[in-house]
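# Survey of secondary and tertiary structure
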Amino acid sequence: MSAKTQHHKLVILGSGTAGLTAAIYAARANLNPVVVSGREAGGQLMITTDVENYPGFPEGIKGPEMMDLLKAQAARFDTEFYTGDAIDADLSQRPFKLTLENKDTLTCDSLIISTGASARWLGMDSEKEYSGRGVSACATCDGFFFRGQDVAVVGGGDTALEEALYLANICKSVTLIHRRDEFRGSKIMQTRAVEHEKISIFWETVVEEVVGNHLDGMTSLKVRNVKTDKVTEHPLTGLFIAIGHTPNTNLFKDQLDLDENGYLKVTPGTTYTSVEGVFASGDVQDHVYRQAVTAAGTGCMAAIDAERWLSEQTG
Ligand code: NDP
């Protein structure tokens, strides 16, 4: 089949909480939005088991179930969906031009980028095996499930230090595991973590294996000291991976202003990017809060900003 070109008033890249919330608002404003779902369709919540902190769900909800509901809500108002990723974007002139994986082209008057940030993982098989059953990439999301337990955090940046401090308020003990002999995170956070009575630190240490079983999930952690090569096993029931996130901004590198970590820059208090008509919402422009509810909030803002901007163009 030959490639097609279609024009739309608004295209939304990404189908996580931010993208789908933008779609709900834009569709109800009669913008007939198109959502390009992306390779990690549904976003970070697809790898989250229980969501207990999203307002309105007193009993909690499974991450994938919540994304199904958001998608159904967007579809109810006639949002169109494309599966797969955009592989190229030309934002140098309007209409903007996007090339999809199947080589179809979408042109659009306005664009909302909600492509998220992917959590970095250590890359071990056992990490994957116990994901959601001991292994997590978000202390704010999952810490509560580990109250009173002994857990570990891996990483040495601000995220790891912040997660260790957050977990120290909930858990019995926190072991911070870092591959070097000094932290990368800010001095103030380092001092707080080092001085915290519930936090102990394994310096120059890497994770070797998450150990567990089907019934209990993770039961212990094997680590290796990189100087001595000695492997030790510790009875821990949670492992929080905090080795950074990669914002999904590759397509926009030379076209939109990014901060030093590669996140999209927006005008504070808005979702405006450095190119008129292009808006950003969710984790792709937020390395601080990274919550489903804040992503939904900025998704709503992006749709309102796009709608107002589009109506200004047509007068
Ligand atoms: P960073 O990139 O700053 O830190 C990642 C950490 O993970 C580093 O210590 C790194 O080790 C370690 N690491 C990376 N890959 C591996 C691996 N494969 N195995 C073991 N360890 C690994 O990411 P953060 O998410 O911590 O922070 C990102 C940005 O967000 C920073 O600018 C940070 O300051 C900011 N931030 C600010 C916050 C705030 O202001 N409240 C809160 C959270 C983040 P090494 O040091 O050896 O490279």
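Structure's up top.
The rules behind the values
Residues numbered from 1 in each chain as written. Predicted model: local features only at pLDDT ≥ 70, side-chain atom pairs only at ≥ 80, totals over all residues. Heavy atoms only, no water. Pairing = 2+ DSSP bridges. Helix = DSSP H or I, 4+ residues; strand = E, 2+ residues; numbered from the N terminus. Axes fitted to C-alpha atoms, helices over the stretch in contact; angles between N-to-C directions. Parallel < 35°, antiparallel > 145°, perpendicular 65-115°, else oblique. Left-handed = near helix turned anticlockwise from the far one by under 90°. Contact = heavy atoms within 4.5 Å. Nonpolar A, V, L, I, M, F, W, Y, C, P; charged D, E, K, R; others polar. Core = buried A, V, L, I, M, F, W, Y, C linked by side-chain atoms within 4.5 Å. Buried < 20%, exposed > 50% of the residue type's maximum accessible area, 1.4 Å probe, protein only. 1 Å grid on protein atoms, 1.4 Å probe; cavity = no way out; pocket = protein on both sides within 12 Å on 5 of 7 lines; lining within 4 Å. Points joined across faces, edges and corners; volume = space filled by probe spheres on them. Domains from an automatic or database assignment. Disulfide = S-S within 2.5 Å.

Pairing of strand β14 (residues 205-213) with strand β15 (residues 217-225), which is carried by 8 bridges, proceeds in the antiparallel orientation. Across the sheet, the residue bridging to glutamate 209 is lysine 222, located in β15. Between the antiparallel neighbours β14 and β15 lie 3 residues.

The next subject is the packing of helix α1 (residues 17-28) against helix α2 (residues 63-76). Look at α1 against α2: their axes get within 8 Å of each other, and the N-to-C directions meet at 25 degrees. By the angle class used here, α1 and α2 are roughly parallel. The chirality of how α1 crosses α2 is left-handed. Note on element contacts: α2 touches α1 through Met67, Leu70, Lys71, Gln73 and Ala74, opposite Thr17, Leu20, Ala23 and Ile24. Here the contact of α1 with α2 is composed, by residue class, of 6 nonpolar, 2 polar and 1 charged.

This brings us to the nonpolar core. If you look at the biggest cluster of nonpolar residues, it comprises 26 residues, and the most contacted ones within it are Leu10, Ile12, Met66 and Ile112. Every element with two or more residues in this core is listed here: β1 (5-13), α1, α2 and α7 (292-314). Once residues within four sequence positions are removed from consideration, methionine 66 is found in contact with Leu45, Val51, Tyr54, Phe57, Ile61 and Ala292. If you look at the next biggest cluster of nonpolar residues, it comprises 22 residues, including Ala86, Phe96, Cys108 and Phe252.

For the rest of this paragraph, the subject is the environment of glycine 38. Note that glycine 38 resides in the loop between β2 (34-36) and β3 (50-51). Look at glycine 38 and you get buried, because its relative accessible area is 14%. When the C-alpha atoms of glycine 38 and alanine 86 are compared, they prove to be 7.0 Å apart, with 48 residues separating the residues in sequence. Excluding residues within four positions of it along the chain, glycine 38 makes contact with Gly84 and Asp85.

What follows concerns the pairing of strand β17 (residues 238-241). Residues Gly238 and Phe240 of β17 are buried on one face, and the alternating residues Leu239 and Ile241, pointing to the opposite face, are buried as well. Bridge count for strand β10 (residues 135-136) against β17 is 2 bridges, and the pairing is parallel. If you follow valine 135 over to β17, its bridge partner there is leucine 239. Relative to β17, strand β11 (residues 150-154) runs parallel, the two sharing 4 bridges. Pairing of valine 151 across the sheet is with glycine 238, part of β17.

What follows is about the layout of surface pockets. Considering only enclosed or pocket space, the second largest pocket measures out at about 920 Å³ in volume. Along its surface, the second largest pocket is lined by 30 residues, and Gly157, Arg184, Ala242, Ile243 and Gly244 are the ones closest to its centre. Those elements giving two or more residues to the lining of the second largest pocket turn out to be α5 (158-168) and β14. Within the lining of the second largest pocket, the residues separate by chemical class into 11 nonpolar, 11 polar and 8 charged. When residues of the lining of the second largest pocket are assigned to domains, at least three fall in each of domain 1 (5-118 + 245-314) and domain 2 (121-241).

Think of a disulfide as a covalent bridge from one cysteine sulfur atom to another cysteine sulfur atom. Summed over all chains, the structure comprises 1 disulfide. One disulfide bridge connects cysteine 138 with cysteine 141, the sulfur atoms lying 2.1 Å from each other. A torsion of 75 degrees about the S-S bond marks the disulfide between cysteine 138 and cysteine 141 as right-handed. Judged by its relative accessible area of 17%, cysteine 138 falls in the buried class. The exposure class assigned to cysteine 141 is partly exposed, which follows from its relative accessible area of 23%.

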